[in-house]
Amino acid sequence: MKIESKDIRVEALFKGNTFIIPRLQRPYNWESDHLQEFWSDVVDSIGDSYFIGSMVVYTKGRGSLAVVDGQQRITTITILLCAIREAYKMLEAPQLADGIQSYVEQRDRDNEIVYVLETETSYPYLQEEVLKSDPSEIDCQIGREEERIEQAFRLFRRNITDKLAEFISNVEQTPEQNNEDSIAWLSKLRDTILDLNLILVQLDDEDDAYLIFETLNTRGKDLELFDLLRNHFTKYLKPTGVTDPPIHKLREIHETIESAPMELDVDQFIVHSWQSRYDFVTKAKTFQKAKVAIKESNARPHLNRLLSDAGQWRSIFDIEYQWHSKKEKDVIRSLSALHIFKVVQPTPGLLSLIRSYRDGHIKYRTLRDAIRDIEYFHFSFNAVTSSRSSGGISGMYASLGQNIFRAQSDSAKIGRLIAEHREKLRFREVPAVEFDAGFEQIFYTKTKSAKKALVRYILLKLAKHEGHQFQGETDDLTIEHLVPQAAIGAGYSEEEVGQLGNLILIDSETNGMLSSNRFADKKRILESRGYRLPEQLAGAEELTPKLLRSNTLRLAEIAREQVWKV
């Protein structure tokens, strides 16, 4: 392996070289905080030298260097130079604008224009909308990467404009002098960018570049599992003709996860996918396991499995993705409940169950019952008692996932595995005394509302179990305190007023009728609206703290012995 290393300034780096962003690289993804930090560092260093780290490349052709490490920085620097170019135009300094552009575009041997950056993922947007000095001549489709590029270009232009406004608004000078000061500051900014220092590490061989990329990222603090796996897959799976199916599949995986309406982590997806099929490993060790297992002979099926898993994994968290709201509503409800409980341990097992269902190996009822058991267990284990596991719970779900995966299409065996898992959940059942103690600690008031979603979930399940009828849709129901919150500090503690035994779900219209009325009046209104109170409350004239606690413990017993019994 031949490696050359040298100190170099950005100006020398850009002159005579063009940079290709190879297929193994991730799309441009710097966000506003990264951009603003870079901007601040550069502005604070005006007039001084500033080191920006290393850049690893390999020779692609005459004057062409493929970027292995440093893509985000070189793209950001190029965008900033283009923002400076636009500012020179605004200040009517076309010669200086052309001077900047000479770093961004060059002429090759055939006198054709080539840009300093050659990308696949953001083409043609980057070239047409940013690198090109003249107005764009084509309409470019904008995806997530293009949005990030646009954001960077807009942020730098705004920052420059804001700074120049300080000079232009100087009333103690003539407009011509203000313009001269503006150009002088802008030129200092330009020189600071071009004088940025870095270490250029250059290799001759593309295969060596894959190894260097892997080594740099494995040892670095910003390890991203997806990038390491992308590098590993593209080492074995090459483009076919003009298309590049492996890269397309990898991008589809990334987009499936990243485009979810909630924040999902593509690295966490890879870990869960691996745990659901092969080994129970941590994120830190997943790549080493995958590196050994994924070879040239099996890279394609491994990639196809990841692609298939991506959507199914997302559907665990995004209940509007790949689910049919009416046909599969019970599974949707159970997954929603797990979100309320904030548990992720079951994910490898859930992924294997959903995969088996969508592959036609188990029926919907089997899936529904299995996920319902998981919901019920974690209601007691996590939502009520906040129990902690030393890793046994996560390992149990990974084992379930792997066993289902190995069973393939054997429906009977999968059924036995699910039944065995149900017994494991029952074996870990929370003792009644711990359940009741935890149940009493669940409460909701306006000032302590962290568990509002959990409280609403519990009240709805209990009300349905007891056959309560609601006015209107269940999504519109509100939480009503029988002893009003105004009573807090006037004979009742906040915990007593907020406890589950003092809460019911009612429609918003009825809620407005109740206001802060005495309990006797509330009872009459509720009965007239078709709501039925528990017998021990219905016969009371006044709700004492003792009576409310008694009702809470009554609900706790119903919850653990009937409603949430695995």
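Below: a short report on this structure. These numbers were taken from a predicted model, which means no experiment stands behind them. (Residues numbered from 1 in each chain as written. Predicted model: local features only at pLDDT ≥ 70, side-chain atom pairs only at ≥ 80, totals over all residues. Heavy atoms only, no water.)

**Here we look at the overall build of the chain**
Thinking step 1. If you tally the helices and strands in the chain, you get 25 helices and ten strands.
Thinking step 2. On the principal axes, the C-alpha backbone points of the chain span a range of 95 × 70 × 40 Å.
Thinking step 3. Taking all 566 residues of the chain together, the buried fraction comes to 49%.
Thinking step 4. Partitioning the intrachain contacts of the chain with sequence separation of at least 6 by distance along the chain shows that 71% fall at a separation of at least 24.
Thinking step 5. Within the structure as shown, the chain displays about 27,700 Å² of accessible surface, and the carbon and sulfur contribution to it stands at 47%.
Thinking step 6. Mean positive and mean negative side-chain charge positions of the chain (75 and 87 charges, respectively) differ by 8 Å. (Helix = DSSP H or I, 4+ residues; strand = E, 2+ residues; numbered from the N terminus. Buried < 20%, exposed > 50% of the residue type's maximum accessible area, 1.4 Å probe, protein only. Contact = heavy atoms within 4.5 Å. Areas by Shrake-Rupley, 256 points an atom, 1.4 Å probe, with all protein chains shown as cover. Lys, Arg positive; Asp, Glu negative; His and termini not counted. Charge placed at Lys NZ, Arg CZ, Asp CG, Glu CD.)

**Considerations on the packing of helix H9 (residues 225–236) against helix H12 (residues 283–293)**
The packing of two helices is summarised by the inter-axis angle and the distance between the axes.
Thinking step 1. Interaxial distance between H9 and H12 falls to 10 Å at its minimum, and their mutual angle equals 15°. Judged by the angle between their axes, H9 and H12 are roughly parallel. In this structure, H9 meets H12 at a crossing whose hand is right-handed. Residue-level contacts link Leu 225, Leu 228, Leu 229 and His 232 of H9 to Thr 286, Phe 287, Ala 290 and Lys 291 of H12.
Thinking step 2. Here the residues of the contact of H9 with H12 sort into five nonpolar, two polar and one charged. (Axes fitted to C-alpha atoms, helices over the stretch in contact; angles between N-to-C directions. Parallel < 35°, antiparallel > 145°, perpendicular 65-115°, else oblique. Left-handed = near helix turned anticlockwise from the far one by under 90°. Nonpolar A, V, L, I, M, F, W, Y, C, P; charged D, E, K, R; others polar.)

**Some remarks on the pattern of salt bridges**
Thinking step 1. As enumerated under the stated definition, the model contains 35 salt bridges in all.
Thinking step 2. In this structure, Asp 373 engages Arg 422 in a salt bridge whose closest nitrogen and oxygen atoms are separated by 2.4 Å. Taken as a pair, Asp 373 in helix H16 (residues 364–384) and Arg 422 in helix H18 (residues 411–427) lie far apart in primary sequence, 49 residues in all.
Thinking step 3. Glu 423 is the partner of Arg 426 in a salt bridge, and the nearest nitrogen-oxygen pair spans 2.7 Å. Taken together, the residues Arg 426 and Glu 423, both in helix H18 and three residues apart, mark about one turn of the helix.
Thinking step 4. Judged by its relative accessible area of 44%, Glu 423 falls in the partly exposed class.
Thinking step 5. Within the structure, one salt-bridge network assembled from shared partners comprises Glu 429, Asp 436, Arg 560, Glu 561 and Lys 565. (Salt bridge = Lys/Arg side-chain N within 4 Å of Asp/Glu carboxyl O.)

**Details of empty space enclosed by the protein**
Thinking step 1. As enumerated under the stated definition, the model contains six cavities of 30 Å³ or more in all.
Thinking step 2. Roughly 250 Å³ of volume is contained in the largest cavity.
Thinking step 3. Among the secondary structure elements, those contributing two or more residues to the lining of the largest cavity are helix H20 (452–465), strand S10 (503–506) and helix H25 (545–563).
Thinking step 4. Residues that form the lining of the largest cavity fall into these classes: 15 nonpolar, three polar and three charged. (1 Å grid on protein atoms, 1.4 Å probe; cavity = no way out; pocket = protein on both sides within 12 Å on 5 of 7 lines; lining within 4 Å. Points joined across faces, edges and corners; volume = space filled by probe spheres on them.)

**A look at the layout of surface pockets**
Thinking step 1. Of the voids in this model, the second largest pocket is the one considered here, and its volume is about 790 Å³.
Thinking step 2. For the second largest pocket, the lining is made up of 21 residues, of which Arg 333, Tyr 457, Leu 460, Lys 461 and Lys 464 are closest to its centre.
Thinking step 3. For the lining of the second largest pocket, the secondary structure elements donating two or more residues are helix H14 (329–341), H16, H20 and H25.
Thinking step 4. Broken down by class, the residue content of the lining of the second largest pocket amounts to seven nonpolar, five polar and nine charged.

**Some words on unusual backbone geometry**
Thinking step 1. Of note, the phi angle at Glu 92 is positive, near 55°, even though the residue is not glycine.
Thinking step 2. Tracing the backbone through its elements, the reader meets Glu 92 in the loop between helix H3 (71–90) and helix H4 (94–104).
Thinking step 3. Overall, Glu 92 belongs to the exposed group, its relative accessible area being 70%.
Thinking step 4. Here Lys 342, not a glycine, exhibits a phi torsion of approximately 60°, which is positive.
Thinking step 5. Locating Lys 342 in the fold gives a position in the loop between H14 and helix H15 (347–358).

**Focus on helix H2 (residues 32–44)**
Thinking step 1. The terminal C-alpha atoms of H2, which comprises 13 residues, lie 18 Å apart, in line with the 18 Å expected from a rise of 1.5 Å per residue.
Thinking step 2. Looking at the buried residues of H2, the elements they touch are H3, helix H6 (144–168) and helix H7 (175–194). (Expected span 1.5 Å × (residues − 1).)

**Section: H3**
Thinking step 1. An ideal rise of 1.5 Å per residue puts 28 Å on 20 residues; H3 measures up with 29 Å between its terminal C-alpha atoms.
Thinking step 2. Most of H3 sits inside the fold, with 17 of its 20 residues counted as buried.
Thinking step 3. Just downstream of H3, Glu 92 is the residue with a positive phi angle, here 55°.

**Some points on the packing of H9 against helix H11 (residues 266–275)**
Thinking step 1. Packing of H9 against H11 brings their axes to within 8 Å, and their N-to-C directions diverge by 65°. What the angle tells us is that H9 and H11 run roughly perpendicular. Across the interface between the two elements, Leu 225, Phe 226 and Leu 229 of H9 pack against Val 266, Asp 267, Ile 270 and Val 271 of H11.
Thinking step 2. By residue class, the composition of the contact of H9 with H11 is six nonpolar, no polar and one charged.

**Notes on the sheet that holds strand S8 (residues 197–203)**
Thinking step 1. Strand order in the open sheet formed by six strands is S1-S8-S3-S4-S2-S7, with mixed pairing between adjacent strands. The open sheet has two edge strands with one neighbour each: strand S1 (3–9) and strand S7 (117–118).
Thinking step 2. Strand direction decides the pairing type here: strand S2 (residues 18–20) and strand S4 (residues 64–69), joined by three bridges, are parallel. Within S4, the residue paired with Phe 19 across the bridge is Leu 65.
Thinking step 3. The strands touched by H3 within the sheet are S2, strand S3 (51–61), S4 and S7, with S3 carrying the most contacts at an inclination of about 100°. (Pairing = 2+ DSSP bridges.)

**What about the side chain of Arg 355?**
Thinking step 1. With respect to the helices, strands and loops of the structure, Arg 355 is situated in helix H15.
Thinking step 2. Within the structure, the side chain of Arg 355 is placed 3.0 Å from the side chain of Ser 352, a separation counted as a polar contact.
Thinking step 3. Leaving out residues up to four positions away in the same chain, Arg 355 has contacts with Ser 276, Arg 277, Asp 309, Gln 312 and Phe 405. (Polar contact = N/O pair within 3.5 Å; in protein donor to acceptor, adjacent residues only side chain to side chain.)

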